[in-house]
Amino acid sequence: MKRKIITIIGALLFCNLSFAGIVVQNEVDAIGLSYYPDEYSFTKVEGFDSSLLWEFNQKDTETPFHFMTGLGVGLTSYGLNFTIPTVFEFSLAKFEKTMLELYVNPNLGITCLPTGYVGFYFNPSVDLIISGKNRNWIYGGMGIGASGTTPGCIVGTLGLHFIFGVKFPSW
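Draft legend 1. Focus on the overall build of the protein chain. Within the protein chain, the secondary structure is distributed over one helix and twelve strands. Buried positions account for 42% of the 171 residues belonging to the protein chain. Of the contacts made within the protein chain by residues no fewer than 6 positions apart, 56% connect residues no fewer than 24 positions apart. Roughly 9300 Å² of accessible area belongs to the protein chain as shown, and the carbon and sulfur atoms make up 75% of that amount.

Put into structure tokens, the structure is as follows:
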């Protein structure tokens, strides 16, 4: 166990040294419209996802486009989900101490249902986020998100999506 922890820490440091900043992020799919076969309903909280991401070219705050990827784990009414977030961030406006960015994430992966079924899972979102001008430390925002799976028939939600996280500065 000790060796695995050292290996993980070493891999994270290697990624950080190769100009990729480490990002820890959480997402909540909130109030929205749910669809189950032949039934629509209004739902309050649909899911929660946590991701460990690597943001490439994080130091360059003048670049209007940034890319992040990593691994995500979530829990929804469908089951336990494992995703590979591929985040595209576009700078919209810069202010004295903050900046506004458009955050787009297709977020595809697999879900494991309590019945033992393993299937395709999707959780795309488009969010407006606010962060520090240096693109480090705490950020957050909200937008529109969807989620769903295909266990024999399509089920899913569409609604309000909240995102918050921490971007650790790369060296």
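Next comes the rest of the account.
Draft legend 2. Up close: a nonpolar patch on the surface. Among the surface-exposed residues, Val73, Leu75, Leu80, Phe82, Ile110 and Val118 lie close enough to one another that they form a single nonpolar patch of about 510 Å² accessible area. For the nonpolar patch, the secondary-structure elements that each account for two or more residues are strand S4 (65-76) and strand S5 (80-84). Within the secondary structure layout, Val73 lies in strand S4.

Draft legend 3. Seen up close, the nonpolar core. Val23, Leu53, Met68, Val87, Tyr103, Ile129, Tyr139 and Ile163 form the largest nonpolar core, which has eight residues in total. Setting aside chain neighbours within four positions, we find Tyr139 in contact with Val23, Gln25, Ile129, Ile130, Ser131, Phe164, Gly165, Val166 and Lys167.

Draft legend 4. Quick look at the pairing of strand S8 (residues 108-112). Direction of pairing for S5 relative to S8: antiparallel, over a ladder of five bridges. Of the residues in S8, the one forming a bridge with Ile84 is Leu108. The sheet contact formed by S8 and strand S9 (residues 118-122) spans five bridges and is antiparallel. Looking at the pairing, Leu108 lines up with Phe122 of S9. Connecting S8 to the next strand, S9, in antiparallel fashion are five residues, including Gly116 with a positive phi near 100 degrees.

Cut-offs applied
Residues numbered from 1 in each chain as written. Predicted model: local features only at pLDDT ≥ 70, side-chain atom pairs only at ≥ 80, totals over all residues. Heavy atoms only, no water. Helix = DSSP H or I, 4+ residues; strand = E, 2+ residues; numbered from the N terminus. Buried < 20%, exposed > 50% of the residue type's maximum accessible area, 1.4 Å probe, protein only. Contact = heavy atoms within 4.5 Å. Areas by Shrake-Rupley, 256 points an atom, 1.4 Å probe, with all protein chains shown as cover. Patch = residues over 30% accessible without salt bridge, like charges linked within 9 Å, V, L, I, M, F, W, Y side chains within 5 Å. Salt bridge = Lys/Arg side-chain N within 4 Å of Asp/Glu carboxyl O. Core = buried A, V, L, I, M, F, W, Y, C linked by side-chain atoms within 4.5 Å. Pairing = 2+ DSSP bridges.

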